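Letter by letter, the chains look like this.
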Amino acid sequence: IRDKYACKNHEEAGIATPPVPTHPIEKGMATAGLIAHVLVAKYKDHLPLYRQSCIFARYGAEIAESTMGDWVKDSAGMLHPVVMAMKASVLESHVVQSDDTGITVLDPKHSNGSKRGFLWAYVGDRDEVVFDFTDGRGREGPKLFLGSFRSLLQVDAYAGYDAVLKQNGIVDVGCWAHARRRFFKALDSEKENAGIAISLLRRLYEVEREAKDLDNSARREKRQLESKPLLDRMKPWLVALKPTVLPKSRMGDAIGYTLRQWDPLTRFLDDGRLDIDNNRVERQMRSVAVGRKNWMFAGSAEG
């Protein structure tokens, strides 16, 4: 609302009115607050634009879905420098955690009318989170995003990272949550041995909880004193157990994964700055999974 004023006694003074407020989108009516509301509702609360349009309509505000789509597109351009600054901050980290998850993307050129795309999350030392979208799950996605990154990368054992690790000289850090998940799945068929493995891992995580508030040096020392002896006993036990189970059984899969990943899985022992798992980035993937149940698919790769 821009009030206009004029003096009855001095018409020559003309009409006075305040200038048009500066809005984020040139010649647009939407204020920064409204656009921020739409973006947060779409990406954080998982409300597709058509649902937001219906909600606004109930309050008497007729805002077309296409109009909000333009707001989102223009906002993406305005926020791009912020995203690039966050990405730069992530890549300055001592350790970056990464994970990916699939999403359906509409594509009229595809025989099924849609294709499978992927969202990759990257989390830095300061809990910055940057998402990256790729059409496929190949190595080009992380290779392009990580660029000249040369430090520690904490991921699961997905082979798509292998070329990036070798080419860039990145040191990989394993995730005990992924290993534990496999032993947990084996409980039904190998209750005794899988139970022993889970008990050992439970003690590892107890050490982590106790060391949570320690500084990096004290955390490393505690791990060396309490966690390392546990893992020193666990490896020969797994090596001896491996020939007694079927390689393709759930227990065989858990043992094989853990032994193949042993060096990356034990790197956290020597560096108090490292987490025992990459659950920080896994929590970001959970938010995408919740969103998928609401928006179901992305309208396009560009979107």
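From a predicted model like this one, the values you see are computed outputs, not experimental measurements. (Residues numbered from 1 in each chain as written. Predicted model: local features only at pLDDT ≥ 70, side-chain atom pairs only at ≥ 80, totals over all residues. Heavy atoms only, no water.)

## Side note on the pattern of salt bridges
Summed over all chains, the structure comprises 17 salt bridges. Close ionic contact of arginine 203 with glutamate 206 constitutes a salt bridge, the shortest N to O distance being 3.1 Å. Placement of both arginine 203 and glutamate 206 in helix α7 (residues 191-210) is noted, with a separation of three residues, approximately one turn of the helix. Note on arginine 203: relative accessible area 27%, which makes it partly exposed. One continuous salt-bridge network, built from bridges that share partners, spans Arg203, Glu206, Glu210, Lys222 and Glu226. (Salt bridge = Lys/Arg side-chain N within 4 Å of Asp/Glu carboxyl O. Helix = DSSP H or I, 4+ residues; strand = E, 2+ residues; numbered from the N terminus. Buried < 20%, exposed > 50% of the residue type's maximum accessible area, 1.4 Å probe, protein only.)

## Topic: the confidence of the model for the protein
Averaged over every residue, the pLDDT of the protein is 92; the share at 70 or more is 100%. Averaged pLDDT values over the elements of the protein bottom out at 74 in helix α5 (residues 162-168) and peak at 97 in helix α8 (residues 216-241). (pLDDT = per-residue confidence, 0-100.)

## A short note on the environment of glutamate 12
Along the chain, glutamate 12 falls in the loop between β1 (5-6) and β2 (15-16). For glutamate 12, a relative accessible area of 66% translates into the label exposed. With 275 residues separating them along the chain, glutamate 12 and serine 287 place their C-alpha atoms 62 Å apart.

## A few points about a nonpolar patch on the surface
Side chains of Met78, Leu79, Val82, Val83, Met84 and Met86 sit close together on the surface and give an oily, nonpolar patch of about 460 Å² of accessible area. Locating methionine 78 in the fold gives a position in helix α3 (residues 65-91). (Patch = residues over 30% accessible without salt bridge, like charges linked within 9 Å, V, L, I, M, F, W, Y side chains within 5 Å. Areas by Shrake-Rupley, 256 points an atom, 1.4 Å probe, with all protein chains shown as cover.)

## Quick look at the side chain of arginine 223
Examined against the element boundaries, arginine 223 turns out to sit in helix α8. Owing to a relative accessible area of 1%, arginine 223 belongs among the buried residues under this scheme. At 2.8 Å, the side chain of arginine 223 forms a polar contact with the backbone oxygen of phenylalanine 268. Not counting residues within four places of it along the chain, the set of residues in contact with arginine 223 comprises Glu208, Lys228, Phe268, Leu269, Asp271, Gly272, Leu274, Asp275 and Ile276. (Polar contact = N/O pair within 3.5 Å; in protein donor to acceptor, adjacent residues only side chain to side chain. Contact = heavy atoms within 4.5 Å.)

## Re the environment of aspartate 99
You can see aspartate 99 is positioned in strand β3 (residues 95-106). For aspartate 99, a relative accessible area of 7% translates into the label buried. Distance from aspartate 99 to tyrosine 158, taken between C-alpha atoms, is 9.2 Å for residues 59 residues apart in sequence. For aspartate 99, the residues in contact, after removing those within four places along its chain, are Leu119, Trp120, Ala121, Asp156, Tyr161, Val281, Glu282 and Met285.

## Observations regarding the packing of aromatic side chains
Under the defined criterion, the tally for this structure stands at two aromatic pairs. Relative to phenylalanine 145, the ring of tyrosine 122 lies with its centre 3.8 Å away and its plane at 5°, an arrangement referred to as stacked. Placement of tyrosine 122 in strand β4 (residues 114-123) and of phenylalanine 145 in helix α4 (residues 140-146) is noted, with a sequence separation of 23 residues between them. The pair tyrosine 122 / phenylalanine 145 is uniform in exposure class, with both members buried. Sitting above the plane of the tyrosine 43 ring, lysine 42 keeps its charged end 5.1 Å from the centroid. Geometry around tyrosine 257 places arginine 182 over its ring, the cationic atom sitting 4.0 Å from the centre. (Phe/Tyr/Trp six-rings, centres within 6.5 Å; stacked < 30°, edge-to-face > 60°. Lys NZ or Arg CZ within 6 Å of the ring centre and 35° of its normal.)

## Overview of the pairing of β4
By the criterion of burial, β4 is predominantly enclosed, with seven of the 10 residues buried. Note that β4 and strand β5 (residues 129-134) share six bridges and pair antiparallel. By the bridge assignment for β5, alanine 121 is matched with phenylalanine 131. The hairpin formed by β4 and β5 contains five residues between the paired strands, and aspartate 127 there has a positive phi angle of roughly 65°. (Pairing = 2+ DSSP bridges.)

## Structural notes on the packing of α7 against α8
Look at α7 against α8: their axes get within 10 Å of each other, and the N-to-C directions meet at 165°. With respect to α8, the axis of α7 lies roughly antiparallel. α8 is crossed by α7, and the crossing has left-handed handedness. Facing Asn193, Ile196, Ala197, Leu200, Leu201, Arg203, Leu204, Val207, Glu208 and Glu210 of α7, the residues of α8 in contact are Lys222, Arg223, Glu226, Ser227, Leu230, Leu231, Met234, Trp237 and Leu241. For the contact of α7 with α8, a count of residues per class yields 11 nonpolar, two polar and six charged. (Axes fitted to C-alpha atoms, helices over the stretch in contact; angles between N-to-C directions. Parallel < 35°, antiparallel > 145°, perpendicular 65-115°, else oblique. Left-handed = near helix turned anticlockwise from the far one by under 90°. Nonpolar A, V, L, I, M, F, W, Y, C, P; charged D, E, K, R; others polar.)

## Points about the sheet that holds β4
Taken in spatial order, the five strands make up an open sheet running β5-β4-β3-β6-β7, and their pairing is mixed. The sheet terminates laterally at β5 and β7 (171-173), the two strands that pair on one side only. Averaged over all pairs of adjacent strands, the angle between strand axes in this sheet comes to 30°, irrespective of strand direction. Sheet topology note: the β3/β4 ladder contains 10 bridges and is antiparallel. Its bridge partner lying in β4, valine 105 is registered against lysine 115. Each of β3, β4 and β5 touches α3; the most contacted strand, β5, lies at about 105° to it. Contacting β3, β4 and β5, helix α11 (residues 279-295) crosses the sheet at an angle of about 15° to β3.

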